[in-house]
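Understanding the architecture of this molecule
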Amino acid sequence: MNKIMIDEQLEGIRIDQYMALLLGDYSRSVIQAWIEDGKILVNDKTTKRNYRLKESDVVSYEITEKDTTIQPIKMDLDIVYEDEHLMVVNKPKGLIVHPSPSTLNQATLVHGLLAHTNHLSDLNGELRPGIVHRLDKDTSGLLIVAKTNEAHELLVEALKNREISREYYALVHHAFPHQSATVDAPIGRDTRNRQRMTVTDKNSKEAVTHLFLVEKFKDHSLLRCKLETGRTHQIRVHCSYIQHPIVGDATYSYKNTLDTQGQCLHAFRLKFTHPITHEALEFESQMPQIMQDTIDEVRRLDS
């Protein structure tokens, strides 16, 4: 791990600007992605890309990856809506949304989007063109892609203002004892494992998830989850926090004995107002077959 002590001359410079100067072989968007992924730390803590360095700060990093240009890859994308401003895509389970420094050689949704269109917003840099919000690799379902910077900015604002409705199906362990419940518990990065998020009151942000019982089995439940906020891994963390972890979740749940190919979590409904035309839009998608098969297997086992 490389470490650098910041002196008075460097005080006030943004961390992403400083690291781009220090690591001249890498683009600033890659640097920003490394900061977000916790590969670049300030005083042994994760930070934001716009953090301004202070005298005596210690910047630590360990970078081995090489920057590469993202090449388009032809994919059979399930595009449920598209106009000149935005797209709504039904992402399959197992597909990463955008490249990161650790997955530059893997095909992602962004690779497929670049093969589909030359019009994607560039507000998020070269690694995340068009990406307004994301789904985890093993979470399937609907997400919005911005084709113009104007649409992107307005969609991000709508997310912040909680004007975009996102609902998921989640198959969880144990019989859920309520018809509905709300989990209001702040989420932050786990200081013991930076790849995990956790409910904590330290360096955390507000996180609210509304849960509704769809079907209850002997030792499992199918829930409809509605996001009020959109923190990283929010539904997965909140379900684990209330002792109903999602089936197949290798990070936050029990060791799985069913062939689920990752967590049984599907973003099935998306509602929002078109940022340019102001049309009310609503989309739904069926859960993937592997999740439906798992629910059928649970019905058999729990009967």
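So, here is what we can say about the structure in this document. Since this is a predicted model, take the numbers as computed values, not measurements.

**As for the overall build of the protein chain**
Scanning the protein chain from N- to C-terminus turns up six helices and 14 strands. Here the C-alpha radius of gyration of the protein chain, 20 Å, is about what a compact globule of 303 residues would show, namely 19 Å. Projected onto the principal axes, the alpha-carbon positions of the protein chain cover approximately 70 × 45 × 35 Å. A burial count over the protein chain gives 50% of its 303 residues as buried. Of all intrachain contacts in the protein chain linking residues separated by at least 6 positions in sequence, the fraction that spans at least 24 positions is 66%. Across the protein chain, 37 positive and 43 negative side-chain charges occur, with their mean positions spaced 4 Å apart.

**Thoughts on the packing of aromatic side chains**
A complete count under the given rule lists four aromatic pairs for this structure. Measuring from ring centre to ring centre gives 5.5 Å for Y81 and F283, while their planes differ by 50 degrees; the resulting arrangement is tilted. Placement of the pair is Y81 in strand β4 (residues 79–82) and F283 in strand β14 (residues 280–284), with a sequence separation of 202 residues. With relative accessibility at 11%, the residue F283 sits in the buried group. For the ring pair F272 and F283, a centre distance of 6.4 Å and an interplane angle of 40 degrees mean the geometry is tilted. Here F283 lies in strand β14 and F272 lies in strand β13 (residues 265–273), a separation of eleven residues in the sequence. Both residues of the pair, F272 and F283, count as buried. An aromatic cluster of three or more residues is present, and its members are Y81, F272 and F283.

Rules used throughout
- Residues numbered from 1 in each chain as written.
- Predicted model: local features only at pLDDT ≥ 70, side-chain atom pairs only at ≥ 80, totals over all residues.
- Heavy atoms only, no water.
- Helix = DSSP H or I, 4+ residues; strand = E, 2+ residues; numbered from the N terminus.
- Rg over C-alpha atoms; globule rule 2.2 N^0.38 Å.
- Buried < 20%, exposed > 50% of the residue type's maximum accessible area, 1.4 Å probe, protein only.
- Contact = heavy atoms within 4.5 Å.
- Lys, Arg positive; Asp, Glu negative; His and termini not counted.
- Charge placed at Lys NZ, Arg CZ, Asp CG, Glu CD.
- Phe/Tyr/Trp six-rings, centres within 6.5 Å; stacked < 30°, edge-to-face > 60°.

The quantities given are spatial measurements derived from coordinates; they are silent on function.
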